[in-house]
Amino acid sequence: MLPVRRALVRILPLVLCGLLAGCAAPTADRAGQDIRQAVAAWSRTPPAQLAQVPLEGWAYEVTAVRRSGAAATARAQLHYRLAGYDAAPAGSGREVQLRETGGRWRVTGDRAAPGAPPQLWDQGPVTVFRGAYALVLGTGRSQEELSAIAGEADRAVPAVTAAWPGSWARRVVVLVPGSLDGMAALLGRPAAEYRGMGAVTTGRVDAGPAPADRVVINPEGYAQLSAAGRNIVLTHEVTHVATRTATSARTPLWLSEGFADWVAYRTSDTAPARAAPALGRAVRRGELPGALPADGAFAFGGDPDALARAYEGAWLACRLIAGRWGEAALVELYGRAGREPLPVALGSALGVDQDALTKAWQEALRTSLR
């Protein structure tokens, strides 16, 4: 009999704990449900600072709730589209703060979740300017500034469409934060990486058929550019938006970056020696590159002269391909390189291997950058 009593002694606390947990669980579950419902009700109306922004599909999907007495935090994923511009939802991780008052949960705040970059409206009220092909959203910028950027984007979109026959939205969303630090925050990277740059494009390769890209302006770097420089920068970035669905992890950066610069300079009569000064200086010193730029050469934060040489070399490679094999062959190569190994793509689109292309590129550098 003694073993049985010992077993009962062990079992009874477990049973009691189970009963107690069963009694407590509905209360916790009910609080969690109330918090989720409070977030859902609050998120039906976008923030007041987005009143001018054409939003659709705005929704917070709560993924976790943490409660401490009368305070709670809900982790959520925000999903939304910019009507007429996004073919796929944009989104970000958010943290929603709530407080219980009089038996009801109310949202008291909303911010980017830890590790997630903020949204533009986290930096202040959003001003909107609509162009023919561009939607420009800015914080801390005047309507005149946004109007000028919209005009430049409106010129870039048709230029990209003329060079890239692939399917794309033929519209672009441009974000203009109030400062370099604001730009870096949106991108989740150190500001030093973008100092001196005019703009960058967000978006992931292999992101499906319809990613929601954004061109993000560095207001400090962009302001230092000439009108021609702004046109080149925006056309380059819009090209990345247009070619995103044809770009994959297979696509070498010399091709994706070089193609974007080729589109930007396509209708310009700028001489290579003028548009590629860093690479020109290297070639005249006898430092002819031994290979097309590797992906690592395009990393920001290193030697700016080396980075410039990589971009210039990539542009001249695409310029060579368009000039010798034709623009259609360059476009075909781009599309194939996102689906096939580069040697296969080169053979199919140009009828050459990488060694032959490299030698032709080196000879073009010698003759055009003397």
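Described below are features of the structure shown in this document.

Scoring rules and cut-offs
The residue count restarts for each chain, going from 1 along the sequence in the order it is written. Residue-level local features of this predicted model are given only where pLDDT is at least 70; pairs of side-chain atoms are given and counted only at 80 or more, and the full residue set underlies all totals for whole chains, interfaces and linings. Note that the side-chain values use all heavy atoms of the structure and ignore hydrogens as well as water. What makes two strands pair is DSSP finding at least two bridges between them. In DSSP terms, a helix is any run of H or I states spanning at least four residues, a strand is any run of E spanning at least two, and both are numbered starting from the N terminus. The axes used here are C-alpha line fits, helices contributing only the stretch in contact, and every angle between their N-to-C directions lies in the interval 0 to 180 degrees. Whether a residue is buried, partly exposed or exposed follows from its accessible area with a 1.4 Å probe, protein chains only, as a fraction of its type maximum: under 20%, in between, or over 50%, in that order. Salt-bridge detection follows one rule: a side-chain nitrogen of Lys or Arg within 4 Å of a carboxyl oxygen of Asp or Glu. Aromatic rings from Phe, Tyr and Trp, with only the six-membered ring used for Trp, were paired whenever their centres fell within 6.5 Å, and each pair was classed as stacked if the ring planes differed by under 30 degrees, edge-to-face if by over 60, and tilted otherwise. Here the angle decides the label: under 35 degrees means roughly parallel, over 145 means roughly antiparallel, 65 to 115 means roughly perpendicular, and every other value means oblique. Helix crossings get a hand from a simple test, with the near helix turned counterclockwise from the far one by less than a right angle marking a left-handed crossing and a clockwise turn marking a right-handed one. Every residue pair with non-hydrogen atoms within 4.5 Å of one another is taken to be in contact.

**Description of the sheet that holds strand E3 (residues 90-101)**
Next, step 1: Ordered by their spatial adjacency, four strands build an open sheet running E1-E2-E3-E4, and the pairing between neighbours is antiparallel. Edge positions in the sheet fall to strand E1 (55-68) and strand E4 (104-112), since each has one partner strand and no second. Taken pair by pair, the neighbouring strands of this sheet meet at an average axis angle of 30°, ignoring direction.
Next, step 2: Across 11 bridges, the pairing between E1 and strand E2 (residues 71-82) is antiparallel. Bridging across to E2, Ser68 finds its partner in Ala71.

**As for the environment of Gly323**
Next, step 1: In this fold, Gly323 is placed in helix H9 (residues 304-324).
Next, step 2: Overall, the relative accessible area of 67% leaves Gly323 in the exposed class.
Next, step 3: Each C-alpha atom, one on Gly323 and one on Gln97, is 58 Å from the other, the two residues being 226 residues apart in sequence.

**Re helix H8 (residues 277-284)**
Every α-helix carries 3.6 residues per turn, so stepping three or four residues along brings you back to the same face.
Next, step 1: Along H8, the positions that sit buried rather than exposed are Ala278, Leu279, Gly280, Ala282 and Val283.
Next, step 2: Phi turns positive, to about 90°, at Gly286, one or two residues after H8.

**Digging into the pattern of salt bridges**
Next, step 1: This model, assessed by the stated rule, comprises 16 salt bridges.
Next, step 2: Look at the salt bridges and you will find they share partners, linking Arg94, Asp110 and Asp122 into a network.

**Points about the environment of Gly103**
Next, step 1: Mapped onto the secondary structure, Gly103 falls in the loop between E3 and E4.
Next, step 2: The exposure class of Gly103 is exposed, given its relative accessible area of 58%.
Next, step 3: Placed 16 residues apart in sequence, Gly103 and Ala87 show a C-alpha to C-alpha distance of 41 Å.

**A short note on the packing of aromatic side chains**
Next, step 1: One pass over the structure, following the stated rule, counts 11 aromatic pairs.
Next, step 2: For the pair Trp42 and Tyr60, a centre-to-centre distance of 5.0 Å together with 70° between the ring planes defines the contact as edge-to-face. Here Trp42, found in helix H1 (residues 2-42), pairs with Tyr60, found in strand E1; they are 18 residues apart in sequence, far enough to count as distant.
Next, step 3: On the accessibility criterion, Tyr60 (9% relative accessible area) is buried.
Next, step 4: Ring geometry for Trp58 versus Trp121: centroids 5.5 Å apart, planes at 55°, classification tilted. Linking Trp58 in strand E1 with Trp121 in the loop between E4 and strand E5 (127-130), this pair joins segments that are 63 residues apart in sequence.
Next, step 5: You can call Trp121 buried: its relative accessible area is 7%.
Next, step 6: Feature note: the residues Trp42, Trp58, Tyr60, Tyr80 and Trp121 constitute an aromatic cluster, connected by ring pairs.

**Structural notes on the packing of helix H10 (residues 327-337) against helix H11 (residues 342-349)**
Next, step 1: Where H10 meets H11, the axes come as close as 9 Å, and the angle between the chain directions of the two elements is 155°. Compared by their axis directions, H10 and H11 come out roughly antiparallel. For the element pair H10 and H11, the recorded crossing hand is right-handed. On H11, the residues touching Ala329, Glu332, Leu333, Arg336 and Ala337 of H10 are Leu342, Ala345, Leu346, Ser348 and Ala349.

Everything listed here is a matter of geometry and, on its own, says nothing about what the molecule does.
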